[in-house]
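Each chain, letter by letter, is given below.
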Amino acid sequence: MKFEFENGKYLGTAEWQGPGNVVVEMEDERQKTWFEEYFSKEDSYMSGSVECDAEMAFERRDESEAAFTHAAQMLAAYSYKVRQGDAARRAAYTGAGA
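Presented here is an overview of the structure given in this document. These numbers come from a predicted model, not from an experiment.

Moving on, we come to a nonpolar patch on the surface. On the surface, a nonpolar cluster with roughly 340 Å² of combined accessible area is contributed by Met-46, Met-56 and Phe-58. Given a relative accessible area of 53%, Met-46 falls into the exposed group.

Before going further, it helps to spend a moment on the environment of Ala-54. As for its placement among the helices and strands, Ala-54 is situated in the loop between strand 4 (42-47) and strand 5 (55-60). For Ala-54, the contacting residues outside a window of four places in its chain are Met-46, Ser-47 and Ser-49.

Over its twelve residues, helix 1 (residues 29-40) runs 16 Å from end to end, which matches the ideal 16 Å to within 8%, given 1.5 Å per residue. Those residues of helix 1 lying buried are Gln-31, Phe-35, Tyr-38 and Phe-39. Within helix 1, the buried residues cover an arc of 90 degrees as seen down the axis, which keeps them to one side. Residues of helix 1 that are exposed and point over 90 degrees away from its buried face: Glu-29 and Arg-30.

What follows covers the pattern of salt bridges. Throughout the structure, instances matching the rule amount to three salt bridges. Measuring nitrogen to oxygen at the nearest pair gives 3.3 Å for the salt bridge that ties Arg-83 to Glu-6. Here Glu-6 lies in strand 1 (residues 2-6) and Arg-83 lies in strand 6 (residues 81-84), a separation of 77 residues in the sequence. Looking at Glu-6, the relative accessible area reads 6%, which means it is buried. Two residues, Asp-43 and Arg-61, come together in a salt bridge whose shortest N-O distance is 2.9 Å. Here Asp-43 is found in strand 4, whereas its partner Arg-61 is found in the loop between strand 5 and helix 2 (65-74), with 18 residues between them in sequence. Relative accessible area serves as the criterion here: at 27%, Asp-43 is assigned to the partly exposed category. Among the residues examined, Arg-61 registers a relative accessible area of 13% and is labelled buried.

Thresholds applied
- Chains are numbered independently. Their residues run from 1 in the order of the written sequence.
- Given that this is a predicted model, residues contribute local features only at a pLDDT of at least 70 and side-chain atom pairs are listed and counted only at 80 or more, while totals for whole chains, interfaces and linings are drawn from all residues.
- The basis for the side-chain values is all heavy atoms of the structure; hydrogens and waters are excluded.
- Nonpolar side chains (Val, Leu, Ile, Met, Phe, Trp, Tyr) are joined into patches within 5 Å and like charges within 9 Å, using only residues with over 30% relative accessible area and no salt bridge.
- Each accessible area value is a Shrake-Rupley result obtained with a 1.4 Å probe; residue values ignore everything except the protein chains displayed when judging cover.
- By convention in these notes, a salt bridge is any Lys or Arg side-chain nitrogen within 4 Å of a carboxyl oxygen on Asp or Glu.
- Under the scheme applied here, a residue whose accessible area is under 20% of the maximum for its type counts as buried, over 50% as exposed, and between as partly exposed, the area being computed with a 1.4 Å probe on protein chains only.
- Secondary structure elements are defined from DSSP: runs of H or I of at least 4 residues count as helices, runs of E of at least 2 residues count as strands, and each element is numbered from the N terminus.
- In this analysis, two residues are considered to be in contact whenever any of their non-hydrogen atoms come within 4.5 Å of each other.
- The span expected for a helix works out to 1.5 Å for each residue beyond the first.
- Here, the arc refers to the directions that run from the helix axis to the C-beta atoms.

Right, dumping it as structure tokens:
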């Protein structure tokens, strides 16, 4: 699973390759470091029945494809444009290859 990220300009991609393995490809080292740290963090949420069996659950953002997808899509709540893809749009977006 691979996502592309923009914030007014093309930033790069993050690809989930397996549990604990997200590959971030970005030219800006600060952005790359931020995304690597973001995907290695843990989220917590309530699971089970809210009425009687609710409990806290924890999951790293790189633990599963579903957790990675959720974390990537959550970035759209900030100033990022998030697209599922393989960076094929990069050349068109930056004017490269023209």
